[in-house]
Amino acid sequence: MSQQDRESFDRWTNSARYWDKHREIIRQMFGPVSEALIEDADIAPGYSVLDVATGQGEPALRIADLVGSNGEVVGIDSVAGMTEAARSAAERLSLSHARFETAGADSLPFPDDRFD
C-alpha cells in the first residue's frame, strides 16, 4: 500500500466512530441516493445483493428491508470500524439476512456469480 493509500485508509479508520454516531443524519442525507441506486439496480424481494464500500451500512441496511428474509445482503468495506458499525446496526434492527465483512473491492472473497 502506498503512503497516500495508507493515509487515506487511516483517515477512514479514524472517522468510523463519527459515521456511526451520526448514522441517522447520514441515512437521511443519503436516502435519496440510496433509493435511486436501489431503483436503478432493480433490486427485488429475494435477491442476493453485494454492497461494495458499504461504510456504516447504508444502503445495505435499506436494501435488507427490501429483499426481505428470503434474500440477503452482504456489505464489504476495507475499514474494520465501518463494518463493525454496520454489524451493530443490523443486530439492532434484527436484520439477520444482512452481514458485513472487512474486505477490499479489489479482492472479493466470493465466487463469481454469487450475487444477483
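Please refer to the structure placed before this passage.
Quick look at the structure, then. (Residues numbered from 1 in each chain as written. Predicted model: local features only at pLDDT ≥ 70, side-chain atom pairs only at ≥ 80, totals over all residues. Heavy atoms only, no water.)

### Focus: the packing of helix H2 (residues 23–40) against helix H3 (residues 60–67)
Line of reasoning, step 1. Here H2 crosses H3 at 55°, and the two axes come no closer than 9 Å. Between H2 and H3, the angle is such that the two are oblique. Here Arg23, Arg27, Gly31, Ser34, Glu35 and Ile38 of H2 lie close against H3, whose contacting residues are Leu61, Arg62, Ile63 and Leu66.
Line of reasoning, step 2. Its residues assigned to classes, the contact of H2 with H3 shows four nonpolar, two polar and four charged. (Axes fitted to C-alpha atoms, helices over the stretch in contact; angles between N-to-C directions. Helix = DSSP H or I, 4+ residues; strand = E, 2+ residues; numbered from the N terminus. Parallel < 35°, antiparallel > 145°, perpendicular 65-115°, else oblique. Contact = heavy atoms within 4.5 Å. Nonpolar A, V, L, I, M, F, W, Y, C, P; charged D, E, K, R; others polar.)

### Let's talk about helix H4 (residues 80–92)
Line of reasoning, step 1. Here H4 is 13 residues long and its end C-alpha atoms lie 18 Å apart, about the 18 Å a rise of 1.5 Å per residue gives.
Line of reasoning, step 2. What H4 keeps buried is the set Met82, Thr83, Ala85, Ala86, Ala89 and Ala90. Around the axis of H4, the buried residues are gathered within 155° of arc, so they sit on the same side. Turned more than 90 degrees away from the buried face of H4 sit Glu91 and Arg92, all of them exposed. (Expected span 1.5 Å × (residues − 1). Buried < 20%, exposed > 50% of the residue type's maximum accessible area, 1.4 Å probe, protein only. Arc of directions from axis to C-beta.)

### A short note on the nonpolar core
Line of reasoning, step 1. Among the nonpolar cores identified, the biggest contains 15 residues, and Ile63, Val73 and Phe100 are the most heavily contacted of them.
Line of reasoning, step 2. When contributions to this core are tallied by element, the ones reaching two or more residues are H3, H4 and strand S3 (98–102).
Line of reasoning, step 3. No other element matches H3, which puts five residues into this core. (Core = buried A, V, L, I, M, F, W, Y, C linked by side-chain atoms within 4.5 Å.)

### Comments concerning the pairing of strand S1 (residues 48–52)
Line of reasoning, step 1. One ladder, built from five bridges, connects S1 with strand S2 (residues 72–77); its direction is parallel. Following the sheet pairing, valine 49 is matched in S2 by valine 73.
Line of reasoning, step 2. Each parallel crossover has a hand, and for S1 linked through H3 to S2 it is right-handed. (Pairing = 2+ DSSP bridges. Right-handed = clockwise from strand over helix to strand, strands pointing away.)

### Some words on the packing of aromatic side chains
Line of reasoning, step 1. Scanning the entire structure with this criterion turns up one aromatic pair.
Line of reasoning, step 2. With centroids separated by 5.1 Å and ring planes inclined at 85°, the aromatic side chains of phenylalanine 110 and phenylalanine 115 adopt a geometry described as edge-to-face.
Line of reasoning, step 3. The exposure class assigned to phenylalanine 110 is buried, which follows from its relative accessible area of 15%.
Line of reasoning, step 4. The ring centre of phenylalanine 115 lies 4.7 Å from the NZ or CZ of arginine 114, which sits over that ring. (Phe/Tyr/Trp six-rings, centres within 6.5 Å; stacked < 30°, edge-to-face > 60°. Lys NZ or Arg CZ within 6 Å of the ring centre and 35° of its normal.)

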